[in-house]
Structures are given as C-alpha cells and as structure tokens.
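Descriptive analysis of the structure
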Amino acid sequence: MSGPTLVIELAEPLSPTALREFRALMVGLSSHFTEERPGFFDVNVPADRLGVEDRRGEDCRRPFLVYLTGPGVDEDLFEAEHADEPEAEAVLGFKPTHAVNVSAGCSSEIDHVATALLTAAVMDVIGGVANAELLDGQVSVVAGLPGVLGIVNDDRFALGTAEFLRAWIGHPAFRLLK
C-alpha cells in the first residue's frame, strides 16, 4: 500500500468472538469488502463513516488493507516486523503475539486521518495498543497527548491507546509516516 500504516499490538491471539466482531466492524464500515482469509480485509471505507468529512468532492471511499498477523496467520510478516523490540515490550507490559496492520492505499491528508480513526475503531473492538512510527520532530507533538503509553526505539515509535490516536489527529502537526 502506498499510504500510512499503523499497527495494533496484541497480547494474545484473537478469540473467535473477537474475530467475528472485527469482521462485523469491517463489513459495517465498508462500501467495498473482500475477506481474503479470516482477519485479512481489503476494504474501501468512506471517510464519513469514520466521522470525518472529506471535502475533496471526489469519491470519498478510502482503500485499506486491514489484516491480522502472527502465528497461524502470516507468521513470517509478524516475525519480521517484531524482531528485537525489548524496549517496546517493557512499555507494553507484554510480548506481542499477534498484530493487526491498518494500511491505507493513498497518502493524502484525509488518508492519514482516516487511517488513525479506522485503527482506533478496530482497537475499540479487539483491544490492543497502537504502535505508530513517528516522523522526525514528532516526539514533542505526541509525548503529552492523552493515551500515550511511551515513546520507544530512539524516539521513533509512539505506543498508545485509541484515545491517543483520536487526540493526535486533532493536533495541527498530525501526520503519520508512510
């Protein structure tokens, strides 16, 4: 995907109930929905369904890949993305076993906002902690926001709650890393 990506770190595999609720959320938010495997969704999500107005006047559907990784579901990708993260584990209080990636297909300003809001909506359903890679100079922007659990890996990643993501999009310097 060519747009921003956020990761939701999970302390355990999703239960069958959580996986059904995750799927139901994706179906409910999407104007286009394809499930490539359980927990892997290719969706288009209109910005207004996330509570944000897309003023561009174009097709307001935002393309996303939203997918679960970890043992039993794309373990190689999970392992590659989670190699050597002891500092993050100390802040999280757990070693992630699975993760959900939320990746936008485009990179306009609205795509960054929609990615954060979609990630927060997924977290409301399945739990977990957002892991957001930061641009240079963003530590001072995010450090004092509500829901920030910590800044790790040489100030390159912020860990936080859904509340953190929602607060961050309200800051004038908000921008996700592509």
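No experiment lies behind these values; they were computed from the predicted model shown. (Residues numbered from 1 in each chain as written. Predicted model: local features only at pLDDT ≥ 70, side-chain atom pairs only at ≥ 80, totals over all residues. Heavy atoms only, no water.)

1. Section: the sheet that holds strand 4 (residues 61-69)
- As summarised here, the arrangement of the 8 strands in space is 2-3-4-5-1-6-8-7, forming an open sheet in which the pairing is antiparallel. Here the strands that pair on one side only, and so sit at the sheet edges, are strand 2 (32-37) and strand 7 (148-152). The mean inter-strand angle of the sheet, taken between neighbouring strand axes irrespective of direction, is 20 degrees.
- With 6 bridges joining them, strand 4 and strand 5 (residues 98-104) adopt antiparallel strand pairing. Each bridged residue has a counterpart across the sheet, and for L65 the counterpart in strand 5 is S103. (Pairing = 2+ DSSP bridges. Helix = DSSP H or I, 4+ residues; strand = E, 2+ residues; numbered from the N terminus. Axes fitted to C-alpha atoms, helices over the stretch in contact; angles between N-to-C directions.)

2. Observations concerning the environment of S31
- As for its position among the elements, S31 is in the loop between helix 1 (16-29) and strand 2.
- Residues S31 and R61, spaced 30 residues apart in sequence, show a C-alpha to C-alpha distance of 7.3 Å.
- Not counting chain neighbours up to four residues away, the residues in contact with S31 comprise N44, P46, R49 and R61. (Contact = heavy atoms within 4.5 Å.)

3. What to know about the packing of aromatic side chains
- Tallied over the full model, the rule gives 5 aromatic pairs.
- Each ring, one from W168 and one from F174, has its centre 5.1 Å from the other, and the planes form 90 degrees; the classification is edge-to-face. Each of the two residues, W168 as well as F174, counts as buried.
- An aromatic cluster of three or more residues is present, and its members are F22, F33 and F41. (Phe/Tyr/Trp six-rings, centres within 6.5 Å; stacked < 30°, edge-to-face > 60°. Buried < 20%, exposed > 50% of the residue type's maximum accessible area, 1.4 Å probe, protein only.)

4. Focus on the packing of helix 1 against helix 4 (residues 109-126)
- Axis separation between helix 1 and helix 4 bottoms out at 9 Å; the angle between their running directions is 145 degrees. Considering the relative orientation of helix 1 and helix 4, their crossing is right-handed. Along the contact surface, helix 1 presents A18, E21, F22, L25, M26 and L29, while helix 4 presents L118, A121, V122, V125 and I126. (Left-handed = near helix turned anticlockwise from the far one by under 90°.)

5. Details of helix 6 (residues 162-169)
- Listed as buried for helix 6 are A162, F164, L165 and W168. For helix 6, the angular spread of buried residues about the axis comes to 160 degrees, placing them on one side.
- Where helix 6 is buried, its residues touch strand 1 (5-10), helix 4, strand 6 (129-133), helix 5 (139-142), strand 7 and strand 8 (157-160).
- Looking at where helix 6 begins, the residue whose side-chain oxygen comes 3.2 Å from the main-chain nitrogen of E163 is T161. (Arc of directions from axis to C-beta. Polar contact = N/O pair within 3.5 Å; in protein donor to acceptor, adjacent residues only side chain to side chain.)

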